[in-house]
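Examining the three-dimensional arrangement
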Amino acid sequence: MGLSIRRKIPECDCCIFYAHDPHLVCTVHPEGVSSDACSDFEHDPTAEAEELWEPEGASYYNGELILAPEQRWTLLEKLALLDSHPIFTGRCPNCEAGIALENSRVHWDCGHCGWKDDSL
Ligand SMILES: [Zn+2]
């Protein structure tokens, strides 16, 4: 038994077989592969978020950058939202139920309709 070199290749990081274990490269090739490409590589969709840099409000679909601005508030939208925020109005912006103004309040969630303050 010689000392085996366990080596992974860059694509291991986004392969569903990659073990994320220092003692095991992957479940298919415990000792790693000897070439720069693995014939058993299977892309792990859950690894994609870590592998690809995504600008705010955008996502990669099939390798194409898709802008989805509605998913994130831009700074301007945030400022506009503040005008209707219960911290100023004392009312839920969704159902207009009153939300008590308390200095100690941190979360401005509406107990009436379930609106959650995610703007701050
Ligand atoms: Zn409400």
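Below, the structure is looked at part by part. In every chain, residue numbers begin from 1 and rise along the written sequence. For a predicted model such as this one, the threshold for reporting local features is a pLDDT of at least 70, and the threshold for listing and counting side-chain atom pairs is 80 or more; totals across whole chains, interfaces and linings nevertheless cover every residue. Only hydrogens and water are set aside when side-chain values are computed; all heavy atoms of the structure are taken into account.

Elements are defined by DSSP. Helices are runs of H or I of four residues or more, strands are runs of E of two residues or more, and each kind is numbered from the N terminus. Across its full length, the protein holds three helices and four strands. Put simply, the protein runs from its N terminus to its C terminus through helices and strands in the order β-β-α-β-β-α-α. Of the contacts made within the protein by residues no fewer than 6 positions apart, 34% connect residues no fewer than 24 positions apart. Two residues form a contact once any of their heavy atoms are found within 4.5 Å.

Note on placement: Pro22 falls in the loop between strand S1 (18-21) and strand S2 (24-26). Partly exposed residues are those whose accessible area sits between 20% and 50% of the maximum for their type, while under 20% is buried and over 50% is exposed, using a 1.4 Å probe and protein chains only. Take Pro22: its relative accessible area is 73%, and that puts it in the exposed class.

On to the coordination of the zinc ion, then. Looking at the zinc ion, one finds its protein donor set to be Cys92 (SG), Cys95 (SG), Cys110 (SG) and Cys113 (SG), positioned 2.3 Å from the metal centre. With water omitted from the atoms examined, metal sites may look incomplete; donors here are N, O and S atoms no farther than 2.8 Å from the metal, or 3.2 Å in the case of Na, K and Ca. Tetrahedral means four donors with every angle between 85 and 135 degrees, whereas square planar (four donors) and octahedral (six donors) require angles over 155 degrees between opposite donors and between 65 and 115 for all others; sites fitting neither are termed irregular. Metal-centred angles of 106 to 114° between the four donor atoms at the zinc ion mark the site as tetrahedral. Along the chain, the residues donating to the zinc ion fall in the pattern C-x2-C-x14-C-x2-C. Of this pair, Cys92 sits in the segment after helix H3 (86-89) while Cys110 is found in the segment after H3, placing the two residues 18 residues apart along the sequence. Across the pair, Cys110 and Cys92 agree in class, each one buried.

A few words now on the pairing of S1. Sheet topology note: the S1/S2 ladder contains two bridges and is antiparallel. Paired with Tyr18 across the bridge in S2 is Cys26. Only strands that DSSP links by at least two bridges are regarded as paired with each other.

To continue, consider empty space enclosed by the protein. As defined here, a cavity is a set of points on a 1 Å grid over the protein atoms alone where a 1.4 Å probe fits but cannot get out. A pocket is an open set with protein on both sides within 12 Å along at least five of seven lines, and residues line them when an atom is within 4 Å of a point. Grid points are joined across faces, edges and corners, and a volume is the space filled by probe spheres set on the points. For the structure shown, the criterion picks out one cavity of 30 Å³ or more. Here the largest cavity is characterised by a volume of approximately 80 Å³. Taken together, Glu11, Cys12, Cys15, Tyr18, Val25, Cys26, His29, Gly32, Val33, Cys38, Asp40 and Phe41 form the lining of the largest cavity. Three classes are used: nonpolar for Ala, Val, Leu, Ile, Met, Phe, Trp, Tyr, Cys and Pro, charged for Asp, Glu, Lys and Arg, and polar for all others, with Gly counted as polar. Looking at the lining of the largest cavity, its residues break down into eight nonpolar, two polar and two charged.

This brings us to the environment of Ser35. Tracing the sequence through the fold places Ser35 in the loop between S2 and helix H1 (48-51). The spatial distance from the C-alpha of Ser35 to the C-alpha of Lys8 is 9.6 Å, given a sequence separation of 27 residues. Ignoring anything within four residues of it in the chain, the contact list for Ser35 reads Arg7 and Ile9. A polar contact is formed between the side chain of Ser35 and the backbone oxygen of Ala37, at a distance of 2.7 Å. Polar contact criterion, stated in full: a pair of N or O atoms within 3.5 Å, where within protein one must be able to donate a hydrogen and the other to accept it, and residues adjacent in sequence count only if both atoms are side-chain atoms.

A separate point is the side chain of Asp44. One can find Asp44 in the loop between S2 and H1. Two residue types count as positive, namely Lys and Arg, and two as negative, namely Asp and Glu; His and chain ends fall outside the count. A carboxyl oxygen of Asp or Glu within 4 Å of a side-chain nitrogen of Lys or Arg is what we treat as a salt bridge. Despite being buried, Asp44 has no salt bridge partner; Lys8 is the closest side chain of opposite charge, sitting 13 Å away. For Asp44, the contacting residues outside a window of four places in its chain are Cys14, Cys15 and Ile16.

Turning our eyes to something else, we now look at unusual backbone geometry. Peptide bonds are trans in most cases, and residues, glycine excluded, mostly fall at negative phi. Backbone geometry at His20 places phi at a positive 50°, although glycine is not the residue there. In this fold, His20 is placed in strand S1. Residue His20 is classed as exposed on the basis of its relative accessible area, which comes to 57%. Despite not being glycine, Glu96 has its phi angle at roughly 65°, a positive value. Tracing the backbone through its elements, the reader meets Glu96 in the segment after H3. With relative accessibility at 49%, the residue Glu96 sits in the partly exposed group.

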